[in-house]
Amino acid sequence: MADLEKETLLETVTPGEVRKASVLQEESGAQEENGHQAKKFKGDQEELCKKHPKRKVVLLMAYSGKGYHGMQRNVGSSQFKTIEDELVQALVSSGCIPDNHADEMKKMSFQRCARTDKGVSAAGQVVSLKIWLIDNVVEKINENLPSNIRILGLKRVTGKFNSKNTCDARTYSYTLPTFAFSHKDKETQDENFRLSQETLNRVNELLALYKGTHNFHNFTSQKGPKDPSAKRYIMEMLCEPPFQQGGLELAVIKVKGQSFMMHQIRKMIGLVIAVVKGFAPKSIIERSWGEEKVDIPKAPGLGLVLERVHFEKYNKRFGNDGLHDSLNWVEEEEKIEAFKKEHIYPTIIQTEIEEKSMITWLATLPIHDYDATSLQQNQAEEEEEESD
């Protein structure tokens, strides 16, 4: 009869309850000097682990980045809250991972696909890790997350899967008010501006220059022109036709690349805006890939969104093996779009209206010295010729 009662208890208790029981067990350690009760508890936990095996999975995440200092955690620092802080706490609270691994997520083989910067949102972030596959796992994680962070999907993956290293490419979008493209001589920075087809064509002509492999050392910090890691491959980059929402005309720039460095996309877009507005010549884009230092403005982070991550090679090898799912998230598309409309786009629009981040940033464009380095280079070449 005692064994039957024990089995019934094990079937009803959750991993989260086991975790709580572990704390109580430690507090009552003085009453367990012979160790018999501790051994019994350990046995119960092992039985629970058998019922809910630990498996390697990927989680599809969407979040609004406003108010957070990026995706990646800073363990031991509570001053700057990140998306991962919220995620890890939810994983512990829902009983998916043991709480003693919360500060050492490497033990759970945790890896994010992309480190989004401060304030940057995501509609298709992917993280990989080992978790206990409890019942209704996605629902239980979401119950412990704020509404502006959601798990939209979960799939089993191979044991050696690493979301960062297995990822072939990443697609970002940047949503901005179209008045950012108005020329500096006839600037209109309000809801009355409308983007002409001619200007849109001009924007796309400039964005297309980024396609291919280039040295982007000028588009990030702490990387020199000789650093091999500054070379990045851009597959696609274009600006979609404008649309109106929340009283503003908006446009979305999409860029797909193998990987991106910190601030790279914001500087790529910032430089194109500077050229379209007439602050810098078109030639500055190609010149920025050279070894000389070029002053490049960095567009605000508000409109940047990680749209999706791509796993083409993985899908080709494992997506149809009968054991693992293809990581294309077709069934989750409606959820992704719904989250963007409810949490991401309204935040971008409302924040722009209230804080005027784009207008404030546009006012700084004239202070950049777009041709100083080229003038200095010309002077150096002239001096060299005179000394020969």
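Thresholds applied
Residues numbered from 1 in each chain as written. Predicted model: local features only at pLDDT ≥ 70, side-chain atom pairs only at ≥ 80, totals over all residues. Heavy atoms only, no water. UniProt positions renumbered as here; feature names shortened; annotations may be inferred. 1 Å grid on protein atoms, 1.4 Å probe; cavity = no way out; pocket = protein on both sides within 12 Å on 5 of 7 lines; lining within 4 Å. Points joined across faces, edges and corners; volume = space filled by probe spheres on them. Helix = DSSP H or I, 4+ residues; strand = E, 2+ residues; numbered from the N terminus. Buried < 20%, exposed > 50% of the residue type's maximum accessible area, 1.4 Å probe, protein only. Lys, Arg positive; Asp, Glu negative; His and termini not counted. Salt bridge = Lys/Arg side-chain N within 4 Å of Asp/Glu carboxyl O. Contact = heavy atoms within 4.5 Å. Phe/Tyr/Trp six-rings, centres within 6.5 Å; stacked < 30°, edge-to-face > 60°. Lys NZ or Arg CZ within 6 Å of the ring centre and 35° of its normal.

Under an unreviewed UniProt entry, the name given to the chain is Pseudouridylate synthase 1 homolog, and the organism recorded is Xenopus laevis. The UniProt entry for the chain carries the following text under Sequence similarities (unreviewed entry): "Belongs to the tRNA pseudouridine synthase TruA family."

**Some words on empty space enclosed by the protein**
If you roll a probe as big as a water molecule over the atoms, it shows you where there is empty space left. Following the criterion strictly, the structure yields three cavities of 30 Å³ or more and no others. Taken as a whole, the largest cavity holds about 90 Å³ of empty space. As for the largest cavity, its lining consists of 14 residues, of which Thr175, Pro177, Leu302, Ile348 and Glu352 are closest to the centre. Every element with two or more residues in the lining of the largest cavity is listed here: strand E5 (169–177), strand E9 (248–257), helix H11 (333–355) and helix H12 (357–362).

**Quick notes on the side chain of Glu352**
Mapped onto the secondary structure, Glu352 falls in helix H11. Buried within the structure, Glu352 lacks any salt-bridge partner; Lys356 is the closest side chain of opposite charge, at an N-O distance of 6.8 Å.

**A short note on the UniProt feature "active site" (unreviewed entry) in the chain**
As annotated by UniProt and renumbered to match this structure, "active site" (unreviewed entry) occupies Asp117. Its place among the elements puts Asp117 in the loop between strand E2 (111–112) and strand E3 (121–132). By relative accessible area, which is 16% here, Asp117 ends up buried. If we ignore the near neighbours within four places in the chain, the residues touching Asp117 are Gly70, Met262 and His263.

**Section: the packing of aromatic side chains**
All chains considered together, the criterion is met by eight aromatic pairs. Here Phe161 and Tyr314 contribute two aromatic rings whose centre-to-centre distance is 5.0 Å and whose plane-to-plane angle is 75°, an arrangement assigned as edge-to-face. Of this pair, Phe161 sits in the loop between strand E4 (149–156) and helix H6 (163–166) while Tyr314 is found in helix H10 (residues 312–318), placing the two residues 153 residues apart along the sequence. In this structure, Phe161 and Tyr314 share a single accessibility class: buried. On the basis of an interplanar angle of 85° and a centroid distance of 6.0 Å, the ring pair of Tyr210 and Phe219 is categorised as edge-to-face. Side by side, Tyr210 and Phe219 carry an identical accessibility label, which is buried. Chaining the aromatic ring pairs together yields one cluster made of Phe161, Phe311, Tyr314 and Phe318. Against the face of Trp329 rests Lys155, its NZ or CZ located 4.7 Å from the ring centre. Over the ring of Phe279 we find Lys184, and its NZ or CZ is 5.9 Å from the ring centre.

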